[in-house]
Amino acid sequence: MDCEEIREFLPLFAGGELGEGERVAVEAHLGFCAGCARELDRYRQARALLADLREGEPPPGTWKALWRGLEEGLSLGVPAGLRSRPSGAYRLAAALLVGLAVGLAAHAARREAAGPASLPAATVPALQAAVRGTVPTAAAADSPAALRPEAFTLRVRGGAVPVSPVPPKDRFHLPLVEAFPPPDEREF
Amino acid sequence: MTALGFLLILPLWRQGAEESILRRMEREVASIVEKASPWLVQVTATFEGPGAAEPLRCSGFVYSRGGYVVTDAGAVESAAGIRVSAGERTFAARPVASDRRTGVAVLQVAAPDLAPAVLAEEPCRVGAWVVALGNAYGMRTSVSVGTVGGTGRSILVGGRKYEDMIQMSAAVHPGDCGGIVADSSGRLVGMIHSVCPTGVPERDGALGLLQLFGKEAPAPEPRGPAPLSFATPAAWVRFSADRIIRHRRMVRGWLGVTARPVDEAMRAQLGLAEGAGAEIVRVEPDSPARKARLLTRDILLEFDGEPVRNLEALRYKVASYEPPVKVRAAILRHGERREVEIQIEIDPQR
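In this text the structure is predicted, and so the values were computed from the model without any measurement.

A. Looking closely at the overall build of chain A. Tallying secondary structure elements over chain A gives eight helices and five strands in all. Reading the secondary structure of chain A in the N-to-C direction produces α-α-α-α-α-α-α-α-β-β-β-β-β. Within chain A, buried positions represent 46% of all 188 residues.

B. View of unusual backbone geometry. All names here are of chain B. Pro 324 follows Pro 323 through a cis peptide bond whose omega is 0°. In this model, Asp 164 sits at a positive phi of 60°, which is unusual for a non-glycine residue. Following the sequence through the fold, Asp 164 ends up in strand 9 (residues 160-168). A positive phi angle, near 50°, is found at His 334, a position not held by glycine. Of the residues examined, His 334 reaches a relative accessible area of 79% and is grouped as exposed.

C. Structural context of the pairing of strand 7 (residues 129-134) of chain B. All names here are of chain B. Of all six residues that make up strand 7, five are buried, and the element is covered over most of its length. Two elements, strand 7 and strand 8 (residues 142-157), share six bridges in a ladder whose sense is antiparallel. Across the sheet, residue Leu 133 finds its bridge partner in strand 8, namely Val 143. The pairing of strand 7 with strand 10 (residues 180-182) spans three bridges and is antiparallel. Residue Ala 132 lies in a different strand from strand 10, and its bridge partner there is Val 181.

D. Focus on the packing of aromatic side chains. All names here are of chain B. By the definition in use, this model includes six aromatic pairs over all chains. With centroids separated by 5.3 Å and ring planes inclined at 80°, the aromatic side chains of Trp 236 and Phe 239 adopt a geometry described as edge-to-face. Of this pair, Trp 236 and Phe 239 both sit in helix 5 (residues 234-247), separated by three residues, roughly a single helical turn. Given the relative accessible area of 2%, Trp 236 is considered buried.

E. Quick peek at the nonpolar core. Residues and elements named next belong to chain B. Among the nonpolar cores identified, the biggest contains 30 residues, and Phe 61, Val 70, Val 106, Ile 180 and Leu 188 are the most heavily contacted of them. If one sorts the elements of this core by residue count, helix 5 sits on top with seven residues. Apart from residues lying up to four places away in sequence, Val 70 is in contact with Gly 60, Phe 61, Tyr 63, Val 104, Ala 105, Val 106, Gly 178, Met 191, Val 237 and Ala 241. In this structure, Ile 280, Ala 289, Tyr 321 and Val 327 belong to the second largest nonpolar core, which totals 23 residues.

F. Examining the environment of Val 69 of chain B more closely. All names here are of chain B. By secondary structure assignment, the location of Val 69 is in strand 3 (residues 68-72). Its relative accessible area of 0% is what places Val 69 among the buried residues. Val 69 sits 29 residues away from Leu 40 along the chain, and the two C-alpha atoms are 9.4 Å apart. Those residues in contact with Val 69 that sit more than four places away from it in its chain are Val 41, Phe 61, Val 62, Tyr 63, Val 84, Ala 105, Val 106, Leu 107 and Val 109.

G. Local environment of helix 2 (residues 21-36) of chain B. Residue and element names in this part refer to chain B. Taking 1.5 Å per residue as the helical rise, helix 2 with its 16 residues ought to reach 22 Å, and the 22 Å between its terminal C-alpha atoms agrees with that figure. Within the sequence span of helix 2, burial applies to Ile 32, Val 33 and Ala 36. All buried residues of helix 2 fall inside an arc of 100° around its axis, so they share one side. Looking at helix 2, the residues exposed on the side facing more than 90 degrees away from the buried face are Glu 26 and Glu 34. Against the buried residues of helix 2 lie strand 1 (40-46), strand 7, strand 8 and strand 10.

H. Quick look at the side chain of Asp 164 of chain B. The buried charged residue Asp 164 of chain B lacks any salt bridge, with Arg 315 of chain B as its nearest oppositely charged partner at 4.7 Å. Within the local environment of Asp 164 of chain B, its side chain forms a polar contact with the side chain of Trp 236 of chain B, the two groups lying 2.9 Å apart. Non-local contacts of Asp 164 of chain B, meaning those with residues more than four positions away in its chain, are made with Arg 186 of chain A together with Gly 152, Arg 153, Pro 233, Trp 236, Glu 312 and Arg 315 of chain B.

I. Inspection of the side chain of Ser 144 of chain B at higher detail. Residue and element names in this part refer to chain B. Looking at the secondary structure, you find Ser 144 in strand 8. What makes Ser 144 buried here is its relative accessible area of 15%. Of the polar contacts made by the side chain of Ser 144, one reaches the backbone oxygen of Ala 171; its length is 2.7 Å. Each residue touching Ser 144, except ones within four places of it in the same chain, is listed here: Val 130, Val 131, Ala 132, Ala 170 and Ala 171.

J. Spotlight on helix 8 (residues 311-320) of chain B. All names here are of chain B. All of the buried residues in helix 8 are Leu 311, Glu 312, Leu 314, Arg 315, Val 318 and Ala 319. Looking straight down helix 8, one finds that the buried residues subtend no more than 160° of arc, so they occupy a single side. If you check the start of helix 8, you find a side-chain oxygen 2.9 Å away from the backbone N of Glu 312, and it comes from Asn 310.

K. Up close: the packing of helix 1 (residues 3-14) of chain A against helix 2 (residues 20-30) of chain A. Residue and element names in this part refer to chain A. For the pair helix 1 and helix 2, interaxial distance at closest approach is 10 Å and the crossing angle is 115°. Of the two possible hands of crossing, helix 1 and helix 2 adopt the one that is left-handed. Only Glu 22, Arg 23, Ala 25, Val 26, Glu 27, His 29 and Leu 30 of helix 2 make contact with helix 1, whose side of the interface consists of Cys 3, Ile 6, Phe 9, Leu 10 and Phe 13. When grouped by side-chain class, the residues that make up the contact of helix 1 with helix 2 number eight nonpolar, one polar and three charged.

L. View of the environment of Gln 42 of chain B. All names here are of chain B. Tracing the chain through its elements places Gln 42 in strand 1. With 92 residues separating them along the chain, Gln 42 and Gly 134 place their C-alpha atoms 8.2 Å apart. Not counting residues up to four positions away in its chain, the partners in contact with Gln 42 are Arg 57, Cys 58, Arg 83, Val 84, Ser 85, Asn 135, Gly 138 and Arg 140.

Rules behind the numbers
- Residues numbered from 1 in each chain as written.
- Chains lettered and ligands numbered in written order.
- Predicted model: local features only at pLDDT ≥ 70, side-chain atom pairs only at ≥ 80, totals over all residues.
- Heavy atoms only, no water.
- Helix = DSSP H or I, 4+ residues; strand = E, 2+ residues; numbered from the N terminus.
- Buried < 20%, exposed > 50% of the residue type's maximum accessible area, 1.4 Å probe, protein only.
- Pairing = 2+ DSSP bridges.
- Phe/Tyr/Trp six-rings, centres within 6.5 Å; stacked < 30°, edge-to-face > 60°.
- Core = buried A, V, L, I, M, F, W, Y, C linked by side-chain atoms within 4.5 Å.
- Contact = heavy atoms within 4.5 Å.
- Expected span 1.5 Å × (residues − 1).
- Arc of directions from axis to C-beta.
- Lys, Arg positive; Asp, Glu negative; His and termini not counted.
- Salt bridge = Lys/Arg side-chain N within 4 Å of Asp/Glu carboxyl O.
- Polar contact = N/O pair within 3.5 Å; in protein donor to acceptor, adjacent residues only side chain to side chain.
- Axes fitted to C-alpha atoms, helices over the stretch in contact; angles between N-to-C directions.
- Left-handed = near helix turned anticlockwise from the far one by under 90°.
- Nonpolar A, V, L, I, M, F, W, Y, C, P; charged D, E, K, R; others polar.

Here's what the structure looks like:
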């Protein structure tokens, strides 16, 4: 597998939810590829931060199930040639949203005891910016509306933070070239 | 003696006064920007209804007196409202029509005094310097410089094919689409259309989190070569915009075929002269070509009394008809020459 294929597996590898064959392949690749190893470190750091934000560990299989669901959702309306290869930004957004969803579930379980919100005021915009930074706004700007993640609420210890993945008035138009058709053919 | 001294000093004085190439280039680029930037506008499209998208911003330019502005069709075609900002002024714009084959959309604003762009009459040359002006990420009059890397390019964008595009190395960013590509004389040679993202460093979403928690964020790593940008050539911008302004909708002739040059082996087999004829590789359903019973693998020899030699010229000729009009064509099928009559129709812009 090349780097691009390996990087599709990294979110699941970081979550310890890859099958045996894929895990071995990723480990072998990481043994000699510093670039993929660095990307894995970032996933692990992001995951560690999320683990710190939420309560408890997710039940086995949650990571994989949510990732698959999200990947299918992101494939809606994407040209066939692009479907199997979500970009790094999508992958990381997916990984982070999975973590957020798990955090949300954990929070719901202990909502009774949580009490009123007590997040420091400065934390809210910082968290919003951080989460928003993981969502591929530039790609979303050129994608159908169905592709853009909905606004959601990030629940962490001590409070809730509303997050709009695509900030208002942050869409700038620039279509992307998908392919180069045969250069000498003309339609008329 | 004084005259002799002057003659000795003159070459040294001239050497000191001579401008460097970089300084001259800098002055030229600044002069082009000064000339073209008054034509540049910012276009903001707003959307309504449940699940409506956020406003979308791009670029455009003043096309002609009467407040006609040209921008990219993809940005405005489903907009509920459009605003055009020129200098310090902002106007509500009315969409006139668009041409999906060139990506040109024409808007009209109540500002007949806006200075229109000067479009180049001749096509730009490969290797020529170009200056791209747009509104990158909403930053007004963002400028980049590059060269024309190729002309006559075909690209697929949003599932739609665009032909005869200019390929260039000038950097183009979100928000620049619909902007100006100017040549070294400061004339508009193209409209910024799209970018091929190959090699764009991927946005690393972990950066935001790392920065939030006080960790050092690594610099993004460039992956692959620099991206290519594409522009609609001035000739097609002029063609689409003039038709739209004249008819208040896009009217272009349509035959309904895809054709390619006859390859060498086939040419030798059929005994055709070099460059002669075009092989039909696709006939659109319910098209004039289908109705005239043209088939794939037919060789188009003559069209409207002229031999077929240059496909781009033929494409332009067919587009130039204002239907309905009947033309005669000569084809070669199974080695036999046939004459057909084709009723050219208005391109349905499918």
